[in-house]
Amino acid sequence: MKGMKRAGLLMAAVAMPLGAGALATDLEVTHWWTSGGEAAAVAEFAKAFDATGNKWVDGAIAGSGGTARPIMISRITGGDPMAATQFNHGRQAEELVEAGLMRDLTDVAEAGNWKDVVRPSSLLDSCTLDGRIYCVPVNIHSQQWLWLSNAAFEKAGVPVPSNWEEYAAAAPKLQEAGIIPLAMGQQPWQTTLAFQVLLVALAGPDAYTAVFGGKDAELAGGEELAKVFEAASAARDMAKDSNVQNWNDATSMVITGKAAGQIMGDWAQGEFQVAGQVAGEDYTCLPGLGVNEVIQTGGDAFYFPKVDDAEVTAAQAELASVMISPETQVAFNLKKGSLPVRGDVDLDAANDCMKKGLDILAKGNIIQAPDQLLSADDLTQVNDLFVEFFNDPSISAETAQSRFASIISNAS
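In every chain, residue numbers begin from 1 and rise along the written sequence. Side-chain atom pairs in this predicted model are given and counted only at pLDDT of 80 or more, local residue features only at pLDDT of at least 70, and totals for whole chains, interfaces and linings cover all residues. Neither water nor hydrogens contribute to the side-chain values; these are computed over all heavy atoms in the structure.

**Concerning the pattern of salt bridges**
Inclusion rule: Between Lys or Arg on one side and Asp or Glu on the other, a salt bridge is scored when a side-chain nitrogen of the former is within 4 Å of a carboxyl oxygen of the latter. Here a strand is any run of E in DSSP of at least two residues, a helix any run of H or I of at least four, and the numbering for each starts at the N terminus. In this scheme, a residue with accessible area under 20% of its type's maximum is buried, one over 50% is exposed, and one in between is partly exposed, where area comes from a 1.4 Å probe on protein chains only.
What the rule picks out here adds up to ten salt bridges. In this structure, Lys335 engages Glu44 in a salt bridge whose closest nitrogen and oxygen atoms are separated by 2.9 Å. Of this pair, Lys335 sits in helix α18 (residues 326-336) while Glu44 sits in helix α2 (residues 36-50), and the two are 291 residues apart along the sequence. Overall, the relative accessible area of 29% leaves Lys335 in the partly exposed class. Judged by its relative accessible area of 12%, Glu44 falls in the buried class. A salt bridge links Asp237 to Lys240; the nearest nitrogen and oxygen atoms lie 3.7 Å apart. Salt bridges linked by common partners bring Glu28, Arg75 and Asp80 together as one network.

**With respect to helix α12 (residues 205-213)**
Rules: Directions from the helix axis toward the C-beta atoms define the arc.
Within α12, the full set of buried residues consists of Ala207, Tyr208, Val211 and Phe212. End-on view of α12: buried residues confined to an arc of 110°, all on one side of the axis. A positive backbone phi angle near 55° is found at Lys215, which sits one or two residues after α12.

**Comments concerning the side chain of Gln143**
Counted only if it meets this: Residues adjacent in sequence count toward polar contacts only when both atoms are side-chain atoms; beyond that, a polar contact is any pair of N or O atoms within 3.5 Å, and within protein one must be able to donate a hydrogen and the other to accept it. By the convention used here, residues are in contact when the closest approach between their heavy atoms is within 4.5 Å.
Summarising the element assignment, Gln143 is placed in the loop between β6 (135-137) and β7 (145-149). What makes Gln143 buried here is its relative accessible area of 12%. In this structure the side chain of Gln143 is engaged in a polar contact, spanning 3.5 Å, whose partner is the side chain of Gln196. If near-sequence neighbours (up to four positions away) are discounted, Gln143 is found in contact with Leu193, Gln196, Val197, Met264, Gly265, Trp267, Gln296 and Pro370.

**Some details on the pairing of strand β9 (residues 259-263)**
The test is simple: Strand pairing is assigned whenever DSSP identifies at least 2 bridges connecting the two strands.
Counting buried positions over the five residues of β9 gives five, a clear majority of the element. Judged from the three bridges that link them, β7 and β9 form a sheet pairing that is antiparallel. By the bridge assignment, Leu148 is partnered in β9 with Gly261. Bridging between strand β8 (residues 180-182) and β9 involves two bridges; their strand directions are parallel. For Leu182, the partnering residue across the bridge sits in β9 and is Gly261.

**Thoughts on the sheet that holds strand β10 (residues 283-287)**
To keep it simple, the criterion reads: The axes are straight lines fitted to the C-alpha atoms, using for helices just the contacting stretch, and the angles between their N-to-C directions are given from 0 to 180°.
Pairing is mixed in the open sheet, where four strands are placed in the order β8-β9-β7-β10. Each of the sheet's edge strands pairs with one partner strand only, and the pair in question is β8 and β10. Neighbouring strand axes in the sheet, compared pairwise and without regard to direction, differ in orientation by 15° on average. Contacts between helix α19 (residues 352-363) and the sheet are confined to β7 and β10, with β10 contributing the most and set at about 15° to the helix.

**Let's talk about the pairing of strand β12 (residues 300-303)**
Residues Asp300 and Phe302 line one face of β12 and the alternating positions Ala301 and Tyr303 line the opposite face, and both faces are buried. Sheet analysis places strand β3 (residues 84-88) next to β12, joined by four bridges and oriented antiparallel. Bridge assignment links Asn88 to a residue of β12, and that residue is Asp300.

**Quick notes on the nonpolar core**
Burial of nonpolar side chains together is a common tendency in soluble globular proteins. Note the cut-off: Throughout, nonpolar core names a set of buried Ala, Val, Leu, Ile, Met, Phe, Trp, Tyr and Cys residues whose side chains join them through atoms within 4.5 Å.
Trp114, Leu225 and Phe404 are the most contacted members of the largest nonpolar core, which totals 136 residues. If one sorts the elements of this core by residue count, helix α11 (residues 188-202) sits on top with eight residues.

**Section: the packing of helix α14 (residues 223-238) against helix α22 (residues 397-409)**
This is how the line gets drawn: Orientation categories follow fixed angle ranges, with anything under 35 degrees roughly parallel, anything over 145 roughly antiparallel, 65 to 115 roughly perpendicular, and all other angles oblique. Crossing handedness is read from the near helix: turned anticlockwise from the far helix by less than a right angle, it gives a left-handed crossing, and turned clockwise, a right-handed one.
Closest axis-to-axis distance for the α14/α22 pair is 9 Å, and the angle between their directions is 125°. The orientation of α14 with respect to α22, classified from their angle, is oblique. Remark: the crossing between α14 and α22 carries right-handed chirality. Of α22, the residues touching α14 (which contributes Leu225, Ala226, Phe229 and Glu230) are Ala397, Glu398, Ala400, Gln401 and Phe404.

**Section: the packing of aromatic side chains**
Quick note on the threshold: Two rings from Phe, Tyr or Trp (for Trp, the six-membered ring) form a pair when their centres are within 6.5 Å of each other. A pair whose planes differ by under 30 degrees is stacked, one over 60 is edge-to-face, and the rest are tilted. Criterion for a charge above a ring: Lys NZ or Arg CZ within 6 Å of the ring centre, and within 35 degrees of the ring normal.
Summed over the entire model, instances satisfying the criterion amount to 24 aromatic pairs. Put simply, the rings of Phe195, Tyr208, Phe212, Phe229, Phe386, Phe389, Phe390 and Phe404 pair up and form one aromatic cluster. The ring of Phe389 carries the charged tip of Arg236 above its face, separated from the ring centre by 4.1 Å.

Interpretation note: all reported values are geometric properties and have no functional meaning in isolation.
Rendered as structure tokens:
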């Protein structure tokens, strides 16, 4: 009943004619959410903002963050800023903030008591520079998931795995049954993601933090990470017949049973949901590859470029408040597959996989995202290495590890 009442209020707000004192303001919002699940989620932001009497003007840019971010940055630095734009938590917008091109949201954050409701606090810390808040975090996304097709394993006559070792061991049986063991797209960040997930699962979260956060080159080139690179080599072989580009196309291979599994962030849940599949029945999710169950506290945030227009500035503040409101946080994150940034919202509607994530988060088993630990330039070098590694079987695990250790030793 409460949901119906809220929906009625939202519809009434949209339908209500604007009075003389309430001017409708169009805000162009750029982002890279273009898959089915992502589009369903971003529509919740648009609906909530439109209900204020303003208008969300969608500026979706296809091709994921690697394609979208340079376009967004070019517009902002070139004097043609949008009203709001997506970045990931961390250091991606740091130079724009330092250049004075991003709006200070501290007043909005203080009015909304963000410091009291955003958890973990590192999310808001990633939006903060010199004590001032420059972005609104909207979700917690974790990379550390293995998504499995129950139907694929049934077809191959293999039990659904409970961890990475069982999954890798099932690869020959899956291939005999005509099933691709591992779906993996060719976008650069996907191969790096797979390596990072393997690192956290097999070497442990402390090793991950020491390498990416502590820039421990000796650890990066040592025996502990050698097993991670061997696993990455095995993953490369498991994914050799996965000839798709986009991450959601790889997810579709799992949904249809063409592939047995995918290493991907929790945003994959949105695709399973749009396809009508049920967690725990049609597909299985293994946080931390079933080995080290942790939640990465990265995710998405929105920044608001400075504009010389009082009406736009007022609407920006309203959009920031709407995005982090309890109602919008629930609606958006249930569609996105991510976890809310607020610790005071009701998620009774969460599915089996989301509940696993919430439980891990409640236990405090968290790590920071690579974007929070390495600069954009350093991450680009890491991305380039793993694109090359996953596309060239002649590169040995030992060679890749040596090159990785060199990148870490020179990281800023």
